[in-house]
Amino acid sequence: MATTDPFLSIEDNFPSVNLSPDKTKAIECFRIIEKQIVFTDMENPLLINGIKSAVFQSILTLFTRGINPLAKEILGEYKELTNDIQIAYRSIQPDAGSDWIQECIAFGDKKAFHWEWKHYGSKELF
């Protein structure tokens with residue numbers, strides 16, 4: 001019987017998560033956020049895996065930075081992240097042999113740092 005757990009499809013992309021004390025919280029957040037993501041191309045597992053990987057990495061980074069990934073300021077950002085990845089995918093048309101997933105993970109990490117600055121750090125400067 002096939003599994004329907006959305007996290008299992010990306011778990012192999014994050015081997016270090018098994019060592020993380022926040023793994024359970026991160027997975028719970030991922031499941032909540034994933035319900036809000038609209039996948040326009042359900043037939044494209046590489047694109048979906050890239051989106052999920054970027055979202056999960058952003059959650060991990062936010063946890064590392066002491067930011068709640070479900071904060072009201074952050075929740076709307078996941079839609080933008082998803083849209084950015086979909087646009088990039090259509091533009092470059094990566095294949096399964098590319099480093100697409102690693103690039104998505106790096107993008108999710110960078111976006112989390114940007115969100116931290118945008119919603120918290122930039123206000124401290126002014």
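The structure this text deals with has already been given above.
Since this is a predicted model, take the numbers as computed values, not measurements.

A. Fine view of unusual backbone geometry. Positioned with a positive phi, Gln 93 is a non-glycine residue whose angle comes to about 45°. As for its placement among the helices and strands, Gln 93 is situated in the loop between helix 4 (77–92) and helix 5 (100–125).

B. Structural detail: helix 4. Compared with the 22 Å implied by 1.5 Å per residue over 16 residues, the 23 Å span of helix 4 between its first and last C-alpha is a close match. Within the sequence span of helix 4, burial applies to Glu 77, Tyr 78, Leu 81, Thr 82, Ile 85, Gln 86 and Tyr 89. Following helix 4 by one or two positions, Gln 93 has its phi on the positive side, about 45°.

C. Spatial organisation of the environment of Cys 29. One can find Cys 29 in helix 1 (residues 23–34). For Cys 29, a relative accessible area of 7% gives the class buried. The spatial distance from the C-alpha of Cys 29 to the C-alpha of Val 55 is 10.0 Å, given a sequence separation of 26 residues. With residues near it in sequence (within four places) discarded, Cys 29 still touches Ile 59, Phe 63, Pro 69 and Leu 70.

The rules behind each value
- Residues numbered from 1 in each chain as written.
- Predicted model: local features only at pLDDT ≥ 70, side-chain atom pairs only at ≥ 80, totals over all residues.
- Heavy atoms only, no water.
- Helix = DSSP H or I, 4+ residues; strand = E, 2+ residues; numbered from the N terminus.
- Expected span 1.5 Å × (residues − 1).
- Buried < 20%, exposed > 50% of the residue type's maximum accessible area, 1.4 Å probe, protein only.
- Contact = heavy atoms within 4.5 Å.

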